[in-house]
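This is what each chain is made of:
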Amino acid sequence: MRSPRRFRRGALVALSAGVLLAVVGCESAVDRTTKGTTGTAEAEDVLLQPLGEPGPGPFTESTARPVPSPSVTRSPQEGDGSATRSVHRVSGALPGLYGGVRSEAACDVEEQARLLTADQERARAFAAVAGVEAVQVPGYLRSLTPVVLRADTQVTNHGFSAGTTTAFQAVLQAGTAVLVDSRGLPRVRCTCGNPLDRPVAAKGKVTHRGERWPGYDPARILAIDPGVQPLTALVIVDSADNAWIERAVGDDGGRDRTPADPPPFEPSQDLLFPAPARPSDPVPPPSTPSVPAPAEPEETECPDPSAADGPAEPPPGCPPPMEPEPDPGTETPDDFGEAPSVEPWGWEEPGVVPEPTQVFPGDPDGPGEPDDFGGPDEPMYADADVPEPFAG
């Protein structure tokens, strides 16, 4: 006969197993593949999340703008290493990293705040991941910017189940509506209200689980790093007309405008992923050009530079004609408005020119002493009565 102690121990084991089976049974098949634990993010197991699927442990109902549900296909099974995985790191401040529609928010921020604050337990769990107090959740959400991802992006997602928060690695499909902070980091997935954080690098082989979408490529996945400085606006791509939009941080699109200083590349240019390296053809060595032999210079007969009837411009290689001596008593204009001469200064030693003597008109004998006004010695009051000196 079994002892009462052994019976009680077996009953406790069975009860614990039953509780575990009940909890697992309440979760979907996708939930069982996440293998996340509270406060951790197991990087070796990455869940693929299509943009229309809430995924495991949603915090709230979807507040994203309605989008057509994409068709999905099964991802490779565990152990299938045929796909080469490559994650590219980009800055959250990169123009064109996100998209949207002009003057339209990708998700309803006010509705998101209302849904979270309606459940205090979920609000506290959300706030713990976001790093704020529960009463600060509405203000925190309003400080974020609603946009959509333009490429498949890996994040650390956080589900809420049975009163606990479970972190797991996830790849969000391009087109997923998210709320980003002032450094360009995704912080909330609007389809489920889950808080997001930066991804964790894998330490070993990575297994992608969940549903694949058309165009999914494990070699084209982004990991977004925070920008160096907080931004006041995000430069995103208008998905309606492929144009640039400047959206203020924390704005729902009501103040969207065209950037005054747009990026120096087109919105359609793919800067998110580097181009694959291709071997270049060898460049042939440059051929040495043949240099023609210099022609023998022809002797030029130069005219007499002192001749008055010589040519105005001498032939090349000949000295310029001698300038006539300036007439004494005249001024020579300056050369400020003329181009500098290409000839060397003082190509010929000039003769000694005597210093001219300035002679004022009406004084043939010589210069006179000028008055204070710079004119000749003439009476200041000509043909006028000269006043008598004042006798004091």
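All figures in this text were calculated on a predicted structure; none of them were measured in a lab. (Residues numbered from 1 in each chain as written. Predicted model: local features only at pLDDT ≥ 70, side-chain atom pairs only at ≥ 80, totals over all residues. Heavy atoms only, no water.)

Colleague: A description of the overall build of the protein chain should follow, citing residues and the corresponding values.
Modeller: On a plain count of helices and strands, the protein chain comes out with five helices and 14 strands. Counting all 392 residues of the protein chain, 30% fall into the buried class. Contacts spanning at least 24 positions in sequence make up 72% of the contacts within the protein chain whose residues lie at least 6 apart. Of the roughly 26000 Å² of accessible surface on the protein chain, a fraction of 55% belongs to carbon and sulfur atoms. (Helix = DSSP H or I, 4+ residues; strand = E, 2+ residues; numbered from the N terminus. Buried < 20%, exposed > 50% of the residue type's maximum accessible area, 1.4 Å probe, protein only. Contact = heavy atoms within 4.5 Å. Areas by Shrake-Rupley, 256 points an atom, 1.4 Å probe, with all protein chains shown as cover.)

Colleague: Can you explain the packing of aromatic side chains? Please cite residues and give values.
Modeller: Tallied over the full model, the rule gives five aromatic pairs. On the basis of an interplanar angle of 50° and a centroid distance of 5.3 Å, the ring pair of F59 and F160 is categorised as tilted. Pair noted here: F59 is in the loop between β1 (45-49) and β2 (73-74) and F160 is in strand β6 (residues 153-161), with a separation of 101 residues, a long-range link. For the residue pair F59 and F160, the accessibility class agrees, reading buried in each case. Each ring, one from W244 and one from F265, has its centre 5.6 Å from the other, and the planes form 80°; the classification is edge-to-face. (Phe/Tyr/Trp six-rings, centres within 6.5 Å; stacked < 30°, edge-to-face > 60°.)

Colleague: Break down the pairing of strand β14 (residues 244-248) for me, citing the residues and quoting the values.
Modeller: Regular strands show a simple pattern: their side chains alternate between the two faces of the sheet. Extensive coverage of β14 is indicated by the burial of five of its five residues. Of the two faces of β14, the one carrying W244, E246 and A248 and the one carrying I245 and R247 are both buried. Inspection of the sheet shows strand β13 (residues 233-238) paired to β14 by five bridges, in the antiparallel sense. Opposite V237, over in β14, you have W244 as the bridge partner. Once β13 ends, the chain turns through five residues before running back antiparallel as β14, passing N242 with a positive phi of about 55°. (Pairing = 2+ DSSP bridges.)

Colleague: Break down helix α3 (residues 109-117) for me, citing the residues and quoting the values.
Modeller: Every buried residue of α3 is listed here: V109, Q112, A113, L115 and L116. Axial view of α3: buried residues confined to an arc of 165°, hence all on one face. Elements in contact with the buried residues of α3: α4 (120-130), α5 (137-142) and β8 (177-180). By the N-cap criterion, in which a side-chain oxygen at the helix start approaches the backbone nitrogen of a residue two or three places on, α3 is capped by D108, the distance to E110 being 3.3 Å. (Arc of directions from axis to C-beta. Polar contact = N/O pair within 3.5 Å; in protein donor to acceptor, adjacent residues only side chain to side chain.)

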